[in-house]
Amino acid sequence: MGKLIVKNIGMLATPEGKTARRGAKQGEIRVLKDAYVVIEDGVIAKVGTGEPEETDAQVIDARGRLVTPGLVDAHTHLIFGGWRQNELGLKLHGATYLDILAMGGGILSTVNATRTATEDELVEKAREALDEMLSLGVTTVEAKSGYGLDMDNELKQLRAIRRLNESHPIDLVSTFLGAHAVPKEYKEDREAYIRLLCEEVIPAVAQAKLAEFCDVFCETGVFSAEESKTILEAGKKWGLIPKIHADEIDPIGGSQLTSEVGAVSAEHLIVCPPAGIDAMAKAGTVACLLPATSFYLGSTFAPARDMIDAGVPVAMASDFNPGSCPSLNLQFVMNLGCLRYRLTPEEVLTAVTLNGAAAINRADRLGSLEPGKQGDLVIWNAEDLNYICYRMGSNLVDTVVKNGQKIS
Ligand code: IZC
Ligand code: ZN
């Protein structure tokens, strides 16, 4: 693969370490002026200042611009058929997200479209989204199943994720979300669906090594905290690490489950109560916050500052999905992190790099610019970190380097 030097970096900004950063440390980043990065065979070999000594390398001149780690999008529903633009009118007439789901729309309409699509169609559709994510500075993406809701269609989604991981420059990390909704054929017998997940689908997913994580949508009208626990415990038996969609709309106990099941992350947390924050702090769970979803739902915003103050590491991700967040733009998420969560640009950078990596168990390899980490970085059309958090609505990426290769 060879050697790549990125030099003439005006400002290099990166969190440091191999674990999630919490409390005041979330906002303490390393900043270097006039810096360079040397990447050898896809791995960062050296970070320094001034003129690099190395020769025999491909050189990228950053022309005095900002460089950060590649962004990590730790929560997406990347694989889906169709879109849901028909729901916009319903929303504008006052229907809520849960109203639309209860009418058989929402997730369930995407389930119909995903079941109808072939695996190849799902791959090609998601590939376009990944291309756009890469152009926006994202170098790693977590992707969930959850629009199949039966054995064959859940496996189809997970195989699509695997194929994209093998064929697209972005690294994908796979999560089983069979507990995203109760499918219509089990409407009258939800317990049978939970048994199907625990006794048949989870073992099949684990045996085929198609997912690393198991997630549930713990929400009013979807899965209760008790049901969520049953499903996550079944996943654990098969080696799948728990994640939880918790407190997105109603606080029904999802965030409190994190310490009971040892969840690596909890997602959304828009209406997270103090007891949930305590549980996450105790369990070392990463709070994976999705502010573009709050924006799109017109809801309140997660209590990010309370979480940081309580020592909970905060990550931020897109939640890209066809219903509650039809945007994959992590730069917009960074704007909202500052403007709505009132995080500092330094805290925001940590949230979309190292803490995002921690939410998918990759903080040892990803999320910072330090020797030994993967050679994923972004050169920005910006001279400092404040600029990329302050400008809105433009793509500020100049160049993406992925695994030590210049992408664009
Ligand atoms: O398709 O509505 N919240 N799952 C939980 C979603 C949003 C995705 C969707
Ligand atoms: Zn989600």
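Procedures and definitions
- Residues numbered from 1 in each chain as written.
- Chains lettered and ligands numbered in written order.
- Predicted model: local features only at pLDDT ≥ 70, side-chain atom pairs only at ≥ 80, totals over all residues.
- Heavy atoms only, no water.
- Donors = N, O, S within 2.8 Å, 3.2 Å for Na, K, Ca; no water.
- Buried < 20%, exposed > 50% of the residue type's maximum accessible area, 1.4 Å probe, protein only.
- Domains from an automatic or database assignment.
- Buried area = accessible area lost by both parts, 1.4 Å probe.
- Salt bridge = Lys/Arg side-chain N within 4 Å of Asp/Glu carboxyl O.
- Polar contact = N/O pair within 3.5 Å; in protein donor to acceptor, adjacent residues only side chain to side chain.
- Helix = DSSP H or I, 4+ residues; strand = E, 2+ residues; numbered from the N terminus.
- Pairing = 2+ DSSP bridges.
- 1 Å grid on protein atoms, 1.4 Å probe; cavity = no way out; pocket = protein on both sides within 12 Å on 5 of 7 lines; lining within 4 Å.
- Points joined across faces, edges and corners; volume = space filled by probe spheres on them.
- Nonpolar A, V, L, I, M, F, W, Y, C, P; charged D, E, K, R; others polar.
- Contact = heavy atoms within 4.5 Å.

Asks: Mind showing me how you'd approach the coordination of the zinc ion (ligand 2) here?
Replies: Under perfect tetrahedral coordination by four donors, a metal shows angles of 109.5 degrees; under perfect octahedral coordination by six donors, it shows angles of 90 or 180 degrees. Coordination of the zinc ion (ligand 2) by the protein comes from His75 (NE2), His77 (NE2), His245 (NE2) and Asp319 (OD), over a distance range of 2.0 to 2.7 Å. Residue class for His75 comes out buried when judged on its relative accessible area of 0%. We classify Asp319 as buried; its relative accessible area is 1%.

Asks: Explanation requested: the domain arrangement of the protein in the structure shown.
Replies: Where the parts come together, the accessible area they lose is often given as the size of the interface. Domain assignment breaks the protein into domain 1 (3-69 + 369-406) and domain 2 (72-358). The C-alpha centroid of domain 2 is placed 29 Å from the C-alpha centroid of domain 1. Note on domain 1 versus domain 2: buried area summed over both sides is about 2500 Å², and carbon and sulfur give 63% of it. The largest contributions to the domain 1 side of the interface with domain 2 come from Gln26, Cys389 and Lys402, which together make up 26% of the buried area. Across the domain 1-domain 2 interface, the total number found is 1 salt bridge. A salt bridge links Lys402 to Asp171, with the nearest nitrogen and oxygen atoms 2.7 Å apart. Scanning the region where domain 1 abuts domain 2 turns up 13 residue pairs in polar contact (both at pLDDT 80 or more).

Asks: Help me understand the pairing of strand 14 (residues 377-380), please; the structure alone is not making it clear to me.
Replies: For a regular strand, side-chain orientation follows a simple rule: the groups alternate between the two sheet faces. The alternating pattern of strand 14 places Leu377 and Ile379 on one face and Val378 and Trp380 on the opposite face, and all of these are buried. Looking at chain direction, strand 5 (residues 66-69) and strand 14 are connected through 4 bridges and run antiparallel. Counted as the bridge partner of Thr68 is Val378 from strand 14. Relative to strand 15 (residues 397-402), strand 14 runs antiparallel, the two being bridged by 4 bridges. Bridge assignment links Ile379 to a residue of strand 15, and that residue is Thr399.

Asks: Got a minute to help me understand the layout of surface pockets in this structure?
Replies: It is the rolling of a water-molecule-sized probe over the atoms that shows where space remains empty. For the largest pocket, the calculated volume is near 310 Å³. Lining the largest pocket are 15 residues, and of these Leu101, Leu108, Val182, Lys187 and Gly221 lie nearest its centre. Residue contributions to the lining of the largest pocket peak at 3 residues, all from helix 2 (residues 97-102). Residues that form the lining of the largest pocket fall into these classes: 9 nonpolar, 3 polar and 3 charged.

Asks: Please clarify how the side chain of Glu119 should be interpreted in this entry.
Replies: Position of Glu119 among the secondary structure elements: in helix 4 (residues 119-135). Look past the residues within four positions of Glu119 in its chain and what remains in contact with it is Lys156, Arg159, Ala160 and Arg163.

Asks: I would appreciate a short explanation of the environment of Gly23 in the present structure.
Replies: Of note, Gly23 is situated in the loop between strand 1 (3-14) and strand 2 (30-40). Overall, the relative accessible area of 14% leaves Gly23 in the buried class. As for Gly23 and Val312, which are separated by 289 residues in sequence, their C-alpha atoms are 6.8 Å apart. Beyond its immediate stretch of four places on either side in the chain, Gly23 contacts Ile308 and Gly311.

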